[in-house]
Amino acid sequence: MLLEGRIAVISGAASPRGIGLATTRLFAKHGAKVAILDLNQDAAEKAAESVGPGHIGVACDVTNPEACKQAIAKVIDRLGPIDILVNNAGLTQPLKIMDIDPKSWGLVLDVNLSGVLNLSQAVIPHMRSRGKGSIACMSSVSAQRGGGIFGGPHYSAAKAGVLGLAKAMARELGPDGVRVNCVAPGLIQTDITGGLLTDEMKKKILEGIPLNRLGVADDVANIFLFLASDLSAYVTGSVLDVNGGMLIH
């Protein structure tokens, strides 16, 4: 088991068909105890219970720095020292550039980008004090190719910001023994995309994917496992593409 005895925090992980819960299950399979962070306490607790004993659910609004600090303190108190943080929480909106108003811009940037900063800041002092840790951040192929299927330009901007933030954190935190990396998925079939893809849309999308299939949550979870484990001990500041070849660069 790759994560035996380790404690992980995964944000936005209560969705039944989401990448966060798939990652939680995989981490648990490899011996980790996981704290699921989500906006809704009940949903977080139910998701943790579905994984098995020893895992916990904690309410946390990642757009609120103080809420992030309180959530991390609860995790440390209940589970112990944190080894892994997966900044997974996010949302998207299918808007065109001229339809983006200040409220939409603020919401998407706050959750997808500020949320990464807030939760990372809450856990960094703890990891620094221990001289080790792994932080993995969720970006997107939309950040790399200038748009995707569902996300608007503000989503692309937020996810591009995550790439820059994670690389800067990796450079700064490397001497402290803390690694920071990004995962950039392509189109993954989750609750966010569920019901929105018509057969015609799928056919068109698959024409641009060399592996000729859409991704599933486990495809991304496997990469988070790699980044959380010692298999990636000499990897920091990287961006790992999980897109079936949708973007080759």
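Residues numbered from 1 in each chain as written. Predicted model: local features only at pLDDT ≥ 70, side-chain atom pairs only at ≥ 80, totals over all residues. Heavy atoms only, no water.

J.: What is the right way to read the overall build of the protein chain from this model?
T.: When its secondary structure is counted, the protein chain shows eight helices and nine strands. Relative to a compact globule of 249 residues, whose C-alpha radius of gyration would be 18 Å, the protein chain shows 17 Å and is just as compact. The C-alpha extent of the protein chain, read off along each of the three principal axes, is 50 × 40 × 40 Å. Taken over 249 residues, the protein chain has a buried fraction of 51%. (Helix = DSSP H or I, 4+ residues; strand = E, 2+ residues; numbered from the N terminus. Rg over C-alpha atoms; globule rule 2.2 N^0.38 Å. Buried < 20%, exposed > 50% of the residue type's maximum accessible area, 1.4 Å probe, protein only.)

J.: Would you mind going over the confidence of the model for the protein chain with me for this structure?
T.: If pLDDT is low for a region, its predicted coordinates should not be looked at in detail. Mean pLDDT over the protein chain works out to 95, with 98% of the residues at or above the 70 mark. Mean pLDDT in the protein chain bottoms out at helix H7 (residues 199-206), which sits at 84, and peaks at strand S4 (residues 84-87), which reaches 99. (pLDDT = per-residue confidence, 0-100.)

J.: Any chance you could explain the sheet that holds strand S3 (residues 56-59) here in plain terms?
T.: Whenever strands of a sheet pair, they do so through backbone hydrogen bonds, lying parallel or antiparallel. Pairing is parallel across the open sheet formed by seven strands, whose spatial order is S3-S2-S1-S4-S5-S6-S9. For this open sheet the edge positions go to S3 and strand S9 (239-242), each flanked by a neighbour on one side alone. With direction set aside, neighbouring strand axes in the sheet form an average angle of 20 degrees. On the sheet, helix H4 (residues 102-130) packs against strand S1 (7-11), strand S2 (33-38), S4, strand S5 (133-138) and strand S6 (178-185) and is oriented at approximately 175 degrees with respect to S4. (Pairing = 2+ DSSP bridges. Axes fitted to C-alpha atoms, helices over the stretch in contact; angles between N-to-C directions. Contact = heavy atoms within 4.5 Å.)

J.: When you look at the packing of helix H1 (residues 19-29) against helix H8 (residues 217-228) in this model, what are you seeing that I'm missing?
T.: The relative placement of two packed helices comes down to the angle between their axes together with the axis-to-axis distance. For the pair H1 and H8, interaxial distance at closest approach is 8 Å and the crossing angle is 50 degrees. By the angle between their axes, H1 is oblique relative to H8. For H1 against H8, the interelement crossing comes out right-handed. In this structure, H1 contributes Ile19, Ala22, Thr23, Leu26 and Phe27 to the contact, and H8 contributes Ala217, Asp218, Val220, Ala221, Asn222, Phe224, Leu225 and Ala228. (Parallel < 35°, antiparallel > 145°, perpendicular 65-115°, else oblique. Left-handed = near helix turned anticlockwise from the far one by under 90°.)

J.: How do you make sense of the pairing of S2 when you look at a structure like this?
T.: A regular strand places its side chains on the two faces of the sheet in alternate fashion. Counting buried positions along S2 yields five of six residues, so the element is predominantly enclosed. Examined bridge by bridge, S1 and S2 share five bridges and lie parallel to one another. Bridge pairing in S2 links Ala8 to Val34. Following the backbone out of S1, through H1 and into the adjacent parallel S2, one traces a crossover that is right-handed. (Right-handed = clockwise from strand over helix to strand, strands pointing away.)

J.: What exactly am I supposed to notice about unusual backbone geometry here?
T.: Most peptide bonds are trans, and most residues other than glycine sit at a negative phi. You will see that Asn212, though not glycine, has its phi angle at about 60 degrees, which is positive. Counting through the fold element by element, Asn212 comes out in the loop between H7 and strand S8 (215-216).

J.: I would appreciate a short explanation of the packing of helix H3 (residues 65-79) against H4 in the present structure.
T.: Running from N to C, H3 and H4 cross one another at 45 degrees; their axes reach a closest spacing of 8 Å. With respect to each other, H3 and H4 are oriented oblique. The two elements H3 and H4 cross, and the hand of that crossing is right-handed. Residues Pro65, Cys68, Lys69, Ile72 and Ile76 of H3 touch H4, and the partners they reach there are Asn118, Leu119, Ala122, Val123 and His126.

J.: Can you walk me through the pattern of salt bridges in this structure?
T.: Charged atoms that come close allow side chains of opposite charge to pair. Counted by the stated rule, this structure contains five salt bridges. Here Arg130 makes a salt bridge to Asp83, at a shortest N to O gap of 3.0 Å. Residue Arg130 is located in helix H4, and its partner Asp83 is located in the loop between H3 and S4; the two are separated by 47 residues in the primary sequence. The exposure class assigned to Arg130 is partly exposed, which follows from its relative accessible area of 30%. The partner of Arg128 in a salt bridge is Glu172, with the nearest N and O atoms 3.5 Å apart. Of this pair, Arg128 sits in helix H4 while Glu172 sits in helix H6 (residues 153-173), placing them 44 residues apart in sequence. When its relative accessible area of 52% is taken as the criterion, Glu172 is described as exposed. Each of the salt bridges in this network shares a partner with another, and the network as a whole consists of Arg128, Glu172 and Asp176. (Salt bridge = Lys/Arg side-chain N within 4 Å of Asp/Glu carboxyl O.)

J.: Got a minute to help me understand the environment of Gln70 in this structure?
T.: Inspection of the secondary structure puts Gln70 in helix H3. Spatially, the C-alpha atom of Gln70 lies 28 Å from that of Ala160, the residues being 90 residues apart in sequence.

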